[in-house]
Amino acid sequence: MHDPVNVAVVGATGVVGEALLRTLEERSFPVAQLRLLASARSAGERLEFAGRQVLVEDLATFDPEGIDIALFSAGSEAARAHAPRFAAAGATVIDNSSAFRDDPAVPLVVAEVNPEALADRPKGIIANPNCSTIQMLVALAPLHRAAGIERINVATYQSVSGTGRDALEELGRQTAAMLSFREASPEVYPVQIAFNVFPQGGGFCDNGYTTEEMKLVHETRRILGDDLIGVNATVVRVPVFYGHSEALHIETRDKLTAEAVRALLREAPGVEVVDERRDGGYPTPVTHASGHDPVYVGRIREDPSHPRGLALWVVADNIRKGAALNAVQLAERVHAARNGGAG
């Protein structure tokens, strides 16, 4: 890659922040100087990067002058408060929160789907989509380009890591409690998550859908550039540590056979097809997604209830592809464009 750049990771001590550091290192991103930032309570910690210990600094008092790329994973409130000042100081901000996803002046980008949107970023900020949206569209964009998608029905089965470290600990704590025949009391989630599933992601909207469900609607239309796509989502939280799964039922404008879908997805960047009609011949969060980069697609079949209907099962690591990897892929493209390459 090109000349090294100064990088800030904001929210470095969180689950996504740690994944960002791993991803930068694994992909040999050209870091000149790395600054790690978090809230005042985490400042003073040290995290390892490329074999050395790096001090975590206080975001609130940090001067962003000289930072080229800032990777934010500190939540919406911190992003709204600090991303604009990083951008004003000359940094390109790539934000993992929902703070700027609805802002028409901020591109919302999946690296494999609409990288051309990166070119127009008047505020100096790029938004990383919701993790469920990212994996869904990596799988569906090739089908939309080939045949047009009229409608998407999606049920997500989302791991607790999407909620953060407290939720990971809650699942572990509740599981241990129940295996010891003790009560599992919920604190992070509204109901018990261990040995349970519940149909809620985010808060409830006036239409009865949740905020996580409506993100899938709005972000899909924006990223694919097609407001006519119908999206109906149900978000379900499941007792899995890492990796989101999605049951997708779609209706295309032109007929696609299951074999044509497999062929398209085998050629699609970022996708791995795991689709064998045998026991275990499909991807799962534990056996495929967790700790890995691809979006895995299986159970590809034609819907007998609709002449142009298709069903797919899509699995990905929500912390890697759903957050850290996509952010670093966008940073790579920004950096390449600065150096005269394809952005």
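The structure this text deals with has already been given above.
Residue numbers here run from 1 along each chain, matching the order of that chain's written sequence. Where local features are concerned, this predicted model is filtered to residues with pLDDT of at least 70; where side-chain atom pairs are given and counted, the filter is 80 or more; whole-chain, interface and lining totals use all residues. For the side-chain quantities, the full set of heavy atoms in the structure was used; hydrogens and water were omitted.

## Overview of the environment of V261
Reasoning step 1: Within the fold, V261 resides in helix α6 (residues 258-267).
Reasoning step 2: By relative accessible area, which is 0% here, V261 ends up buried.
Reasoning step 3: The spacing of V261 and T220 is 41 residues in sequence and 19 Å in space, taken between C-alpha atoms.
Reasoning step 4: Aside from chain neighbours lying at most four places away, what touches V261 is L143, L256, I300, L310 and L312. Segments assigned H or I by DSSP are reported as helices when at least four residues long, segments assigned E as strands when at least two residues long, and all are numbered from the N terminus. Only protein chains enter the area calculation, which uses a 1.4 Å probe; residues under 20% of their type maximum are buried, those over 50% are exposed, and those in between are partly exposed. By definition, residues are in contact when any of their heavy atoms lie within 4.5 Å.

## Digging into the packing of helix α1 (residues 15-26) against helix α8 (residues 320-338)
Reasoning step 1: Between N-to-C directions, angles span 0 to 180 degrees; the directions come from axes that are lines fitted to C-alpha atoms, helices contributing only their stretch in contact. At a minimum axis distance of 9 Å, the contact between α1 and α8 shows a crossing angle of 50 degrees. One element, α1, and the other, α8, form an angle in the oblique class. Considering how the two elements wind past one another, α1 and α8 form a crossing that is right-handed. Contacts from V16, A19, L20, R22, T23, L24 and E26 in α1 reach R320, A323, A324, L325, A327 and V328 in α8.
Reasoning step 2: Charged means Asp, Glu, Lys or Arg here, nonpolar means Ala, Val, Leu, Ile, Met, Phe, Trp, Tyr, Cys or Pro, and polar covers whatever is left, Gly included. Grouping the constituent residues of the contact of α1 with α8 by class yields 9 nonpolar, 1 polar and 3 charged. Relative orientations are named as follows: roughly parallel for angles under 35 degrees, roughly antiparallel for angles over 145 degrees, roughly perpendicular for angles from 65 to 115 degrees, and oblique for any other angle. Helix crossings fall into two classes, left-handed where the near helix is turned counterclockwise from the far one by less than a right angle and right-handed where it is turned clockwise.

## Details of the pairing of strand β5 (residues 69-72)
Reasoning step 1: Covered by surrounding structure in β5 are I69 and L71 together with A70 and F72, the residues of both alternating faces.
Reasoning step 2: Pairing between two strands requires that DSSP report at least two bridges joining them. As paired strands, strand β1 (residues 5-10) and β5 are joined by 4 bridges and run parallel to one another. Bridge assignment links V9 to a residue of β5, and that residue is L71.
Reasoning step 3: Sheet topology places β5 next to strand β6 (residues 92-95); 4 bridges connect them, and they run parallel. Paired with I69 across the strands is T92, a residue of β6.
Reasoning step 4: By convention, a crossover is right-handed whenever its connection, traced from the first strand over the helix to the second and viewed with the strands pointing away, goes clockwise. One crossover worth recording links β5 to the parallel β6 by way of helix α2 (residues 76-88), and it is right-handed.

## Let's talk about the packing of helix α3 (residues 131-147) against helix α5 (residues 211-224)
Describing two packed helices takes the angle between their axes plus the distance from one axis to the other.
Reasoning step 1: It is at 11 Å that the axes of α3 and α5 come closest, and there the two elements cross at 45 degrees. Relative to α5, the element α3 is oriented oblique. Where α3 crosses over α5, the two elements pack in a sense that is right-handed. Listed contacts from α5 to S132, T133, M136, L137, A141 and H144 of α3 are K215, L216, E219, T220, I223 and L224.

## So, the sheet that holds β1
Reasoning step 1: With mixed pairing, 7 strands are arranged side by side in an open sheet as β3-β4-β2-β1-β5-β6-β7. Each of the sheet's edge strands pairs with one partner strand only, and the pair in question is β3 (46-49) and β7 (125-127). Across the sheet, the mean angle from the axis of one strand to that of its neighbour is 25 degrees, orientation sign disregarded.
Reasoning step 2: Sitting on the sheet, α8 touches β1, β5, β6 and β7, and the angle it makes with β5 is about 165 degrees.

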